[in-house]
Amino acid sequence: YFLILYQICIQLKRMSSSSSSTTENHIWHDREVRFDVPLGQLALRKGEILVDSINSVEDTKGNNGDRGNLLITNLRLIWFDDKNQKINLSIGYDCIINIEIKVTNSVLKGNTQALYLRTRFNQSRFEFIFTSLVANSPRLFTSFQAVVRSYETTKLYRDLKLRAAIIQDKQLILLPKEQVYNKYGGVWNLSAEQGNVGTFYVTNVRLVWFANLAENFNVSVPWIQISSIKIRESKFGTALVVESSPVNGGYILGFKMENIDKIYLEITGLFKIYNENPIFGIETHFEEAAGNLDEVGIEEVFFVGNPASNSR
């Protein structure tokens, strides 16, 4: 099994090197649905981990009758046709509305249980149906559901949050494997007209600030959502300016602090280190799946309501 995963990783690297497309710097992999992309976009980005690889999977909705490979990573689901890898899908977990197990009709397998995904991206909705062509194999369901559940419960690693429940008794509630590099007092948040004084945390996952007089007045900015860090002049004097990526609203956050040049060098250095080895927070440990579908109980999972999905 691990040899198969290794071979798939080698194949993904070959896809990346064989593609002439320009590498994209921003993180789109978990936030977009893409069809028939250049093979380089199927390669794993930094911090993306291949969790499971399942062969003999049919894209029953879009390519009924075609056998393909399904790759489950910590950010997205990838499917590509065995005979023509240019026919492929990349489905980011953030786009998933709901997951369901239902009976479908497959050209290659007849009536059988399949994985139904309803997704939403760019104001469009898409439905995907994946059927495992391996008899009585539950891995398609168990592996995928475990990874998506982990993704849903670890959003603080990846999303900018305002006024979140992240502070308790004036201390940052640390995420698993999060380490505090530095903590600075007397830091002013310049988002309000008069400014607010508070405490500023620098960790291996994010930057966090909260007001000393109101813990719920806070901001958590993961490194992965930072687009730029600069020093600028403001009406309050020299300020450290952190700009978030457009996907999280394109916030511009200003902070006034002592030793600003030293802190700026520290933060920009950590920013570069993080981008070389991002921490997305999704960890899934599962044992070898049961040998029969009847032994696996999979309930329907809703993430954002249950809207009807458009055909693709």
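Residues numbered from 1 in each chain as written. Predicted model: local features only at pLDDT ≥ 70, side-chain atom pairs only at ≥ 80, totals over all residues. Heavy atoms only, no water.

Details of the overall build of the protein
So, point 1. What the protein contains, in helices and strands, is three helices and 19 strands.
So, point 2. Counting over 312 residues, the protein shows a buried share of 51%.
So, point 3. Considering only residue pairs separated by 6 or more positions, the protein has 58% of its internal contacts joining residues 24 or more positions apart.
So, point 4. As displayed, the protein has an accessible area near 15,300 Å², and 49% of this comes from carbon and sulfur atoms. (Helix = DSSP H or I, 4+ residues; strand = E, 2+ residues; numbered from the N terminus. Buried < 20%, exposed > 50% of the residue type's maximum accessible area, 1.4 Å probe, protein only. Contact = heavy atoms within 4.5 Å. Areas by Shrake-Rupley, 256 points an atom, 1.4 Å probe, with all protein chains shown as cover.)

A word on helix α3 (residues 260–276)
So, point 1. Taking 1.5 Å of rise per residue, the 17 residues of α3 would be expected to cover 24 Å, and the 25 Å separating its terminal C-alpha atoms lies within 8% of that figure.
So, point 2. All of the buried residues in α3 are Ile-260, Ile-263, Glu-266, Ile-267, Thr-268, Leu-270, Phe-271 and Tyr-274.
So, point 3. Against β12 (180–189), β13 (196–203), β14 (206–211), β16 (226–234), β17 (237–244) and β18 (252–256) lie the buried residues of α3. (Expected span 1.5 Å × (residues − 1).)

Focus: the side chain of Thr-104
So, point 1. In this structure, Thr-104 sits in strand β6 (residues 96–106).
So, point 2. Of the polar contacts made by the side chain of Thr-104, one reaches the side chain of Tyr-116; its length is 3.5 Å.
So, point 3. The residues contacting Thr-104, other than those within four sequence positions of it, are Thr-60, Gly-110, Asn-111, Thr-112, Ala-114, Tyr-116, Ile-129 and Thr-131. (Polar contact = N/O pair within 3.5 Å; in protein donor to acceptor, adjacent residues only side chain to side chain.)

Concerning the environment of Lys-86
So, point 1. Locating Lys-86 in the fold gives a position in the loop between β4 (76–81) and β5 (88–92).
So, point 2. A residue is classified by how much of its surface remains accessible, and Lys-86, at 62% relative accessible area, is exposed.
So, point 3. Between the C-alpha atoms of Lys-86 and Pro-38, which are 48 residues apart in sequence, the distance is 6.9 Å.

A short note on the packing of aromatic side chains
So, point 1. In this structure the tally under the stated criterion is nine aromatic pairs.
So, point 2. Every member of this aromatic cluster is reached through a ring pair, and the members are Phe-35, Phe-126, Phe-128 and Phe-130.
So, point 3. The ring of Trp-28 carries the charged tip of Arg-34 above its face, separated from the ring centre by 3.7 Å.
So, point 4. In this structure, Lys-102 packs its charged tip against the face of Tyr-116, placed 4.5 Å from the ring centre. (Phe/Tyr/Trp six-rings, centres within 6.5 Å; stacked < 30°, edge-to-face > 60°. Lys NZ or Arg CZ within 6 Å of the ring centre and 35° of its normal.)

Focus on the layout of surface pockets
So, point 1. What the second largest pocket holds in volume is close to 290 Å³.
So, point 2. Each residue belonging to the lining of the second largest pocket can be placed in one class, and the counts come to seven nonpolar, five polar and three charged. (1 Å grid on protein atoms, 1.4 Å probe; cavity = no way out; pocket = protein on both sides within 12 Å on 5 of 7 lines; lining within 4 Å. Points joined across faces, edges and corners; volume = space filled by probe spheres on them. Nonpolar A, V, L, I, M, F, W, Y, C, P; charged D, E, K, R; others polar.)

Thoughts on the pairing of β5
So, point 1. Of all five residues making up β5, five are buried, and the element is well covered by its neighbours.
So, point 2. With burial as the criterion, each face of β5 is covered, one bearing Asn-88, Ser-90 and Gly-92 and the other bearing Leu-89 and Ile-91.
So, point 3. Examined bridge by bridge, strand β1 (residues 33–35) and β5 share three bridges and lie antiparallel to one another. Across the sheet, the residue bridging to Val-33 is Ile-91, located in β5.
So, point 4. Remark: six residues form the turn of the hairpin made by β4 and β5, two consecutive strands paired antiparallel. (Pairing = 2+ DSSP bridges.)

What about unusual backbone geometry?
So, point 1. Of note, Gln-123 is a non-glycine position whose phi angle comes to about 65 degrees, a positive value.
So, point 2. With respect to the helices, strands and loops of the structure, Gln-123 is situated in the loop between β7 (110–121) and β8 (124–132).

Here's the deal with the pattern of salt bridges
So, point 1. Overall, the coordinates contain 14 salt bridges when judged by the stated rule.
So, point 2. Note that Arg-76 and Glu-48 form a salt bridge whose closest N and O atoms lie 2.8 Å from each other. Within this pair, whereas Arg-76 is found in strand β4, its partner Glu-48 is found in the loop between β1 and β2 (50–59), the two being separated by 28 residues in sequence.
So, point 3. Given a relative accessible area of 7%, Glu-48 falls into the buried group.
So, point 4. Taking the shortest distance from any N to any O, the salt bridge between Glu-100 and Arg-118 comes out at 3.0 Å. In this pair, Glu-100 sits in strand β6 while Arg-118 sits in strand β7, placing the two residues 18 residues apart along the sequence. Arg-118 matches Glu-100 in its accessibility class, with the two residues each being buried.
So, point 5. Taken together, the salt bridges that share partners define one network made up of Asp-30, Arg-31, Asp-94, Glu-152, Lys-155 and Asp-159. (Salt bridge = Lys/Arg side-chain N within 4 Å of Asp/Glu carboxyl O.)

Thoughts on the sheet that holds β16
So, point 1. An order of β9-β15-β14-β13-β12-β18-β17-β16 is seen for the eight strands of this open sheet, with the pairing classed as antiparallel. In this open sheet, the two edge strands, each paired with only one partner strand, are β9 (161–162) and β16.
So, point 2. Relative to β16, α3 is tilted by about 170 degrees, and along the sheet it contacts β12, β13, β14, β16, β17 and β18. (Axes fitted to C-alpha atoms, helices over the stretch in contact; angles between N-to-C directions.)

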